[in-house]
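Spelled out from the first residue to the last, the chains are:
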Amino acid sequence: MQIYEKYVWLNLDGINYTSTAGECSNEAGQLIGVYTAEGMEDTQPVEYINTSGKLIGASAEASGAEDKLVNHYIIPIQEQGERYVKHEKMVRVYEIAGVSRDFAVAVQFDETGEYYAYCNISYTTDSYSLFSDACQLEKYLEVNRIYLYEDGDAKYVSEGGISTQMLTDTLFSGEDLPMFLTEDFPAEFLQGKVISDGQTGKGTKPYNPNPTEVPGRVAEFCKDKEYGKRLASISADYKLFENKNIRIAIYSGGFVSTNIGMSGKSFFVGKEVVEDFISILKENLKFSTMEEGEEQKNKV
């Protein structure tokens, strides 16, 4: 295991961070302080069950196709407390140049001298501009492939990508684009279901949430909107964390979702902006029809 895999968690003044594979020695800025990173060690060898039901030790080699390792041996819950041991290590924590410390920090380990980016998975803010500044999106985002959807399935894939600058200048060009954690939206809203308003019993669409069950800001915002159907997905890398093929999905209701920062986030850019962006993609990029196998493999 790499050292960032051994020490996964960091609590910094009440904010919980999770390690990433992003080595960021050249990005480390001002020293924040010395803190404790934590990790869990599995003290017992993992056992497996092969296709014939025979237990295989972790050090054993499969003898053939019939002995392919297909399933982990499940440790009884009463034994888990003895199996896992928590380790702690003092580390130096630094700001990452240009990146909000509320979003990510750099952690240095004395053994290797390397710095790894640690991410606050729970990071949230009110708008796209604040989010983009916090994570330095234009600096660290790199677009790969683009997929267009018909009837909910990816049917076409781009032969070439677009620049991050073009993405931000077209899809995210509006002022004060609101941001929400996707998990705060009701499942019915994300799935586009017709919901009763709870008073007249009549179906309403766009969704009309009950503010007592949904965060007030979310309920107020989405009561006259719909998330819509997925029209396109963009596969991209977020280089600060070495996150490969993360998703940016565009929906007909005017929403854009992404898992940049290792958790779901949604931005409202507006229906007209989405329509214009899809038109720009079709006019300026060469798309080819996806084969069935490629469609399943490359879904984002």
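The rules behind each value
- Residues numbered from 1 in each chain as written.
- Predicted model: local features only at pLDDT ≥ 70, side-chain atom pairs only at ≥ 80, totals over all residues.
- Heavy atoms only, no water.
- Helix = DSSP H or I, 4+ residues; strand = E, 2+ residues; numbered from the N terminus.
- Buried < 20%, exposed > 50% of the residue type's maximum accessible area, 1.4 Å probe, protein only.
- Polar contact = N/O pair within 3.5 Å; in protein donor to acceptor, adjacent residues only side chain to side chain.
- Contact = heavy atoms within 4.5 Å.
- pLDDT = per-residue confidence, 0-100.
- Pairing = 2+ DSSP bridges.
- Axes fitted to C-alpha atoms, helices over the stretch in contact; angles between N-to-C directions.
- 1 Å grid on protein atoms, 1.4 Å probe; cavity = no way out; pocket = protein on both sides within 12 Å on 5 of 7 lines; lining within 4 Å.
- Points joined across faces, edges and corners; volume = space filled by probe spheres on them.
- Nonpolar A, V, L, I, M, F, W, Y, C, P; charged D, E, K, R; others polar.
- Salt bridge = Lys/Arg side-chain N within 4 Å of Asp/Glu carboxyl O.
- Phe/Tyr/Trp six-rings, centres within 6.5 Å; stacked < 30°, edge-to-face > 60°.
- Lys NZ or Arg CZ within 6 Å of the ring centre and 35° of its normal.

Caption draft 1: Spatial organisation of the side chain of Thr168. The topology assignment puts Thr168 in helix 5 (residues 164–170). Judged by its relative accessible area of 5%, Thr168 falls in the buried class. At 3.0 Å, the side chain of Thr168 and the backbone oxygen of Gln165 are in polar contact. Setting aside its immediate chain neighbours within four residues, Thr168 contacts Tyr128, Glu138 and Ser173.

Caption draft 2: Quick peek at the confidence of the model for the protein. Taken as a whole, the protein shows an average pLDDT of 82; of its residues, 77% reach a score of 70 or greater. Segment residues 48–78 is flagged for pLDDT under 50; beyond a separation of four residues in sequence, or across chains, it makes 41 contacts in the model. The low-confidence segment residues 199–204, where pLDDT is below 50, has ten contacts with residues more than four positions distant or belonging to other chains.

Caption draft 3: Looking closely at the sheet that holds strand 18 (residues 265–268). Taken in spatial order, the eight strands of this open sheet run 12-18-17-16-15-10-11-19, and their pairing is antiparallel. Strands at the two margins of the open sheet, each flanked by one partner only, are strand 12 (179–181) and strand 19 (287–289). Averaged over all pairs of adjacent strands, the angle between strand axes in this sheet comes to 30°, irrespective of strand direction. Where strand 12 and strand 18 come together, three bridges link them in antiparallel fashion. Following the sheet pairing, Phe180 is matched in strand 18 by Ser266. Docked against the sheet, helix 3 (residues 128–135) engages strand 12, strand 15 (230–238) and strand 18, running at close to 135° with respect to strand 18. Against the sheet, helix 8 (residues 271–284) makes contact with strand 10 (141–150), strand 15, strand 16 (243–251) and strand 19, and its axis sits at roughly 75° relative to strand 15, the strand it touches most.

Caption draft 4: Geometry of empty space enclosed by the protein. Evaluated as defined, the whole model comprises two cavities of 30 Å³ or more. Space inside the largest cavity adds up to approximately 50 Å³. Per-class residue counts for the lining of the largest cavity are nine nonpolar, one polar and no charged.

Caption draft 5: Main features of the pattern of salt bridges. This structure, assessed with the given rule, holds ten salt bridges. With a shortest N-O distance of 3.1 Å, Glu27 and Lys139 are connected by a salt bridge. On the criterion of sequence distance, the pair formed by Glu27 in the loop between strand 2 (15–23) and strand 3 (28–42) and Lys139 in helix 4 (residues 137–140) is long-range, its members being 112 residues apart. Residue classification places Lys139 among the partly exposed residues on the basis of a relative accessible area of 42%. In this structure, the salt-bridge partner of Arg92 is Asp110, at a minimum N-O distance of 2.6 Å. Highlighted residues: Arg92 in strand 7 (residues 84–96) and Asp110 in the loop between strand 8 (104–108) and strand 9 (115–119), separated in sequence by 18 residues.

Caption draft 6: Summary view of unusual backbone geometry. Residues other than glycine seldom take positive phi values, yet Asp13 does so here, at roughly 55°. Counting through the fold element by element, Asp13 comes out in the loop between strand 1 (9–12) and strand 2. Notably, Asp176 is not glycine yet its phi reads approximately 50°, a positive angle. For Asp176, the position within the fold is in the loop between helix 5 and strand 12.

Caption draft 7: Region of interest: the packing of aromatic side chains. Scanning all chains against the criterion turns up 25 aromatic pairs. A ring pair is formed by Tyr128 and Phe172, whose centres lie 4.2 Å apart and whose planes are at 5°; its orientation type is stacked. Remark: Phe172 occurs in the loop between helix 5 and strand 12 and Tyr128 occurs in helix 3; sequence separation between them is 44 residues. For the pair Tyr128 and Phe172, one class covers both residues: buried. Site record: aromatic cluster; members linked through ring pairs are Phe103, Tyr123, Tyr128, Phe131, Tyr140, Phe172, Tyr238, Phe241 and Phe267. Its guanidinium or amino end placed over the ring of Phe221, Lys225 lies 4.0 Å from that ring's centre, counting from NZ or CZ.

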